[in-house]
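The primary structure of each chain is shown beneath.
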Amino acid sequence: MIHLAPVAAIQASDTGVRPPAVIDTADDTQADYWAYRLSVTRDELFDAIGHVGTSVAAVRRHLGK
């Protein structure tokens, strides 16, 4: 039987690097990265962060992503 692993688990095991669990709003590179990953504008990202905080999981839930 074949067992599929999540891509994030494979990438993390190969590189040892995972995206942070929170968005650092002071870091423009992180804000751009998460806006791109979530397919939203920076303004939409910061609006979501204003409502639910900097947790990536909370922002995803808020945006429905």
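Residues numbered from 1 in each chain as written. Predicted model: local features only at pLDDT ≥ 70, side-chain atom pairs only at ≥ 80, totals over all residues. Heavy atoms only, no water.

Colleague: Is there a simple way to think about the nonpolar core in this case?
Modeller: General note: in soluble globular proteins, nonpolar side chains tend to be found buried as a group. Counting eleven residues, the largest nonpolar core consists of Ile23, Ala31, Trp34, Ala35, Leu38, Val40, Leu45, Ala48, Ile49, Val56 and Val59. Mapped by element, the contributors of at least two residues to this core are helix H2 (28-37), helix H3 (42-52) and helix H4 (56-63). (Core = buried A, V, L, I, M, F, W, Y, C linked by side-chain atoms within 4.5 Å. Buried < 20%, exposed > 50% of the residue type's maximum accessible area, 1.4 Å probe, protein only. Helix = DSSP H or I, 4+ residues; strand = E, 2+ residues; numbered from the N terminus.)

Colleague: Even after reading the chapter, I still don't get the side chain of Gln30, so can you show me in this structure?
Modeller: Note that Gln30 resides in helix H2. Ignoring anything within four residues of it in the chain, the contact list for Gln30 reads Pro20, Val22, Ile23 and Asp24. (Contact = heavy atoms within 4.5 Å.)

Colleague: I'm lost on the pattern of salt bridges in this one. Help?
Modeller: Opposite charge on two side chains permits pairing when their charged atoms draw close. Counted by the stated rule, this structure contains two salt bridges. The residue Asp28 makes a salt bridge to Arg42 at a minimum N-O spacing of 3.5 Å. With a gap of 14 residues between them, Asp28 in helix H2 and Arg42 in helix H3 connect regions that are remote in the sequence. Under the relative-accessibility criterion, Asp28 is labelled partly exposed at 48%. The exposure class of Arg42 is partly exposed, given its relative accessible area of 30%. When the shortest N-O distance is used, the salt bridge between Asp32 and Arg42 registers 2.8 Å. With Asp32 in helix H2 and Arg42 in helix H3, this residue pair connects regions lying ten residues apart in the sequence. Overlapping salt bridges bring together Asp28, Asp32 and Arg42 as one network. (Salt bridge = Lys/Arg side-chain N within 4 Å of Asp/Glu carboxyl O.)

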